[in-house]
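# Residue-level structural notes
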Amino acid sequence: MSTVLMSIKPEYVSNILNGKKKYEFRKNACKKEIEKMIIYSTSPISKVVGEARIEKVYIDTPTRIWQLTSKYAGINREAYEHYYEGRNSAVAYKLSDVIRYEVPRKLEEYGIKNAPQSYYYIEK
């Protein structure tokens with residue numbers, strides 16, 4: 001099992017940390033099986049702000065994923081549909097055991113120089 005650092009927009013990070021967003025949506029699944037997500041909040045925060053356990057990974061049509069996740073999607077349906085426009089497949093990572101770091105961390109602490117476009121595997 002792997003750990004992955006994911007770049008996430010600050011508004012969605014906030015919803016993850018306050019419990020309104022229990023799923024992280026992606027267009028493609030990570031190739032490796034992951035058990036933990038390190039949460040990197042993109043600009044203007046530009047820091048690693050927390051982590052979460054990956055409880056389950058759902059891969060299905062965007063419509064079916066929305067049906068499964070909408071209560072705790074932490075994103076409105078319009079933004080969700082725009083994100084998956086023209087796609088036949090959607091990925092949802094179900095998050096649990098979310099931890100907010102008291103002191104946000106720099107990417108350099110993880111051996112990373114630049115923020116990943118989507119995600120980056122972290123070696124233990």
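Residues numbered from 1 in each chain as written. Predicted model: local features only at pLDDT ≥ 70, side-chain atom pairs only at ≥ 80, totals over all residues. Heavy atoms only, no water.

## With respect to the side chain of Asn 15
Examined against the element boundaries, Asn 15 turns out to sit in helix 1 (residues 10-17). On the accessibility criterion, Asn 15 (18% relative accessible area) is buried. (Helix = DSSP H or I, 4+ residues; strand = E, 2+ residues; numbered from the N terminus. Buried < 20%, exposed > 50% of the residue type's maximum accessible area, 1.4 Å probe, protein only.)

## What about the layout of surface pockets?
Volume-wise, the largest pocket comes out at about 520 Å³. Around the largest pocket sit 21 residues that line it, and Lys 9, Tyr 12, Glu 24, Phe 25 and Tyr 83 are the ones nearest its centre. Of all the secondary-structure elements, those providing two or more residues to the lining of the largest pocket are strand 1 (2-8), strand 2 (23-26) and helix 3 (77-83). With 4 residues, the single largest contributor to the lining of the largest pocket is helix 3. The class makeup of the residues in the lining of the largest pocket is 9 nonpolar, 6 polar and 6 charged. (1 Å grid on protein atoms, 1.4 Å probe; cavity = no way out; pocket = protein on both sides within 12 Å on 5 of 7 lines; lining within 4 Å. Points joined across faces, edges and corners; volume = space filled by probe spheres on them. Nonpolar A, V, L, I, M, F, W, Y, C, P; charged D, E, K, R; others polar.)

## Thoughts on the nonpolar core
Core analysis: the biggest nonpolar cluster contains 29 residues, and Met 6, Ile 8, Phe 25, Ile 34, Met 37, Tyr 80 and Tyr 93 have the highest contact counts within it. Listed by contribution, the elements that provide at least two residues to this core are strand 1, helix 1, strand 2, strand 3 (34-41), strand 4 (47-60), helix 2 (62-69) and strand 5 (90-105). The biggest single contributor to this core is strand 5, with 5 residues. Apart from residues lying up to four places away in sequence, Ile 34 is in contact with Met 1, Ser 2, Val 4, Met 6, Ile 54, Tyr 93 and Tyr 121. Among the nonpolar cores identified, the runner-up in size contains 9 residues, and Val 48, Leu 107, Tyr 110 and Ile 122 belong to it. (Core = buried A, V, L, I, M, F, W, Y, C linked by side-chain atoms within 4.5 Å. Contact = heavy atoms within 4.5 Å.)

## What about the sheet that holds strand 4?
The strand order 2-5-4-3-1-6 describes an open sheet built from 6 strands, whose pairing is mixed. Each edge of the sheet is formed by a strand with only one pairing partner; in this case those strands are strand 2 and strand 6 (119-122). Each adjacent strand pair in this sheet contributes to an overall mean axis angle of 35 degrees, direction not counted. Of the strands in this sheet, strand 2, strand 4 and strand 5 are in contact with helix 2, which crosses strand 4 at around 115 degrees. (Pairing = 2+ DSSP bridges. Axes fitted to C-alpha atoms, helices over the stretch in contact; angles between N-to-C directions.)

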